[in-house]
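# Observations on the model geometry
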Amino acid sequence: MTSPTIGVFALQGDVREHLHALAALGVDALAVRRPAELERCDGLVIPGGESTTMDKLARTFELFEPLQKRIQGGMPAFGTCAGMIMLADRIADGTADQETLGGLDITVRRNAFGRQVDSFEGELDFDGFEDPVHAVFIRAPWVEQVGAQVEVLARVGSGPATGRIVAVRQGPLMATSFHPEVGDDVRIHRMFVDLVTQSS
Ligand code: GLN
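Rules used throughout
Residues numbered from 1 in each chain as written. Predicted model: local features only at pLDDT ≥ 70, side-chain atom pairs only at ≥ 80, totals over all residues. Heavy atoms only, no water. Phe/Tyr/Trp six-rings, centres within 6.5 Å; stacked < 30°, edge-to-face > 60°. Helix = DSSP H or I, 4+ residues; strand = E, 2+ residues; numbered from the N terminus. Buried < 20%, exposed > 50% of the residue type's maximum accessible area, 1.4 Å probe, protein only. Lys NZ or Arg CZ within 6 Å of the ring centre and 35° of its normal. Arc of directions from axis to C-beta. Contact = heavy atoms within 4.5 Å.

Time to look at the packing of aromatic side chains. Inspection of the entire model under this criterion finds seven aromatic pairs. Relative to F192, the ring of F78 has its centre 5.6 Å away and its plane inclined at 45 degrees; by these criteria the two rings are tilted. One end of the pair, F78, is in strand β4 (residues 77-80); the other, F192, is in helix α6 (residues 187-199), with 114 residues separating them in the sequence. The buried category is assigned to F192, whose relative accessible area is 0%. Summarising the aromatic geometry, the rings of F113 and F137 are spaced 5.2 Å apart at their centres and angled 50 degrees between planes, so their arrangement reads as tilted. Placement of F113 in the loop between β6 (104-109) and β7 (120-124) and of F137 in strand β8 (residues 133-137) is noted, with a sequence separation of 24 residues between them. With respect to burial, F113 and F137 carry one shared label: buried. Three or more aromatic residues link up through ring pairs in this structure, and these residues are F113, F120, F137, W142 and F178. Its end group placed over the ring of F64, R59 keeps NZ or CZ at 3.9 Å from the ring centre.

As a further point, take the environment of L104. Tracing the backbone shows L104 in strand β6. What makes L104 buried here is its relative accessible area of 0%. When the C-alpha positions of L104 and V146 are compared, they lie 8.6 Å apart, and in sequence the two are 42 residues distant.

This brings us to helix α3 (residues 51-60). Given 3.6 residues per turn, any residue in an α-helix points the same way as the ones three and four places further on. Among all positions in α3, only S51, T52, M54, D55 and A58 are buried. Down the axis of α3, the buried set is contained in an arc of 165 degrees. They therefore lie on one face. For α3, the elements touching its buried residues are β1 (5-9), β3 (43-46), α4 (64-72) and α5 (82-87). Phi turns positive, to about 55 degrees, at E62, one or two residues after α3.

Purely spatial values, then, with no claim about function.
Below is the structure:
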């Protein structure tokens with residue numbers, strides 16, 4: 001396959017920045033709000049935003065089950081921040097009725113670094129990249145526990161959260177606690193596009 005079609009879950013969150021990053025990589029990128037749009041996708045990005053709202057809207061718009069089926073069927077997916085929460089099998093500090101799509105054998109802690117005021121930026125060593133990634137964290141989750149099949153791609157390198165896992169991959173699923181769509185570094189998106197190309 002030359003150019004895959006990659007969707008961005010678009011019921012809530014920072015959709016536009018992901019569409020830009022994907023378009024910059026020559027991908028056919030589309031906003032996904034309904035099942036028919038999801039059907040066209042070879043892979044899906046789930047952006048940052050608010051995972052409790054994403055969960056509710058996905059149900060209201062009848063996208064939750066189709067999404068879960070595609071993920072269970074092996075469609076590559078990349079979740080950033082709230083998207084990471086949506087892809088996690090288990091949440092710590094979720095709301096009482098919050099559900100996730102699941103797929104990644106991880107436990108994520110919501111708002112793990114603190115509230116909005118504790119949002120921060122930093123340089124991270126990222127598996128497979130020569131130069132560090134400039135990572136922007138906004139009310140971010142961290143990964144508290146990973147299953148045996150999960151590869152850790154990045155951990156916080158300094159400060160009070162040193163060692164916390166902030167990027168993972170398990171087969172066709174990837175997730176970062178931070179926002180790689182901010183700025184013009186498309187290396188992490190390229191990694192996902194390669195994953196989609198290999199899986200198709
Ligand atoms: N705290 C948000 C949540 O729980 C995630 C924040 C973000 O995506 N920037 O969904």
